[in-house]
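Breakdown of the fold
The residues making up each chain are set out below.
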Amino acid sequence: ETGTWGYTPNKISIRAGINLQDLKEILYVELKEPIGWFVFPLKTKLLDGSEKPYVNTINLQIAILQNQHSGKDTHIRQIKVFSPRERSNQGMAFPDFKSPEITQFFTIR
């Protein structure tokens, strides 16, 4: 499969931010002759020097900066983004869905 080498990215920048104007690079990766799957853990560096094993963001941009052998096009087969689970309730009080005020609207007449 030597004909597909020009389509393989070897310099990747991953950027995160709240909107497109404030994207900041959180990871830069250079790959040497990449083959197969790669895992890039995204972390947040805190002011005290510690790290959180996730990134709080709304936008995630994956920029291909360069391809193998100066290729002009990029082929990426699949991207999966995983995040930690959030607590479903987080202390919010949910209404009682069995009260007469709510059950009267269960059916459409």
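Our subject in this report is the structure included herewith. This structure is a prediction, so every number in the text was calculated from the model and none was measured.

This part takes up the packing of aromatic side chains. This model, assessed by the stated rule, comprises one aromatic pair. Taking 6.3 Å as the distance between ring centres and 5° as the angle between the ring planes, the aromatic pair formed by Phe-38 and Phe-40 counts as stacked. With relative accessibility at 38%, the residue Phe-38 sits in the partly exposed group.

Next up on the list: the pattern of salt bridges. In the structure shown here, the tally under the stated rule is two salt bridges. We note a salt bridge from Glu-30 to Lys-32, for which the minimum N-O separation is 3.9 Å. The salt bridge partner of Lys-43 is Glu-51, with a shortest N-O separation of 3.9 Å. On the accessibility criterion, Lys-43 (43% relative accessible area) is partly exposed.

Across six bridges, strand S1 (residues 9-17) lies against strand S2 (residues 24-30) in antiparallel orientation. Paired with Lys-11 across the two strands is Glu-30, which belongs to S2. Turn length for the S1-S2 hairpin, with the two strands adjacent in sequence and antiparallel, is six residues.

Cut-off values and rules
Residues numbered from 1 in each chain as written. Predicted model: local features only at pLDDT ≥ 70, side-chain atom pairs only at ≥ 80, totals over all residues. Heavy atoms only, no water. Phe/Tyr/Trp six-rings, centres within 6.5 Å; stacked < 30°, edge-to-face > 60°. Buried < 20%, exposed > 50% of the residue type's maximum accessible area, 1.4 Å probe, protein only. Salt bridge = Lys/Arg side-chain N within 4 Å of Asp/Glu carboxyl O. Pairing = 2+ DSSP bridges. Helix = DSSP H or I, 4+ residues; strand = E, 2+ residues; numbered from the N terminus.

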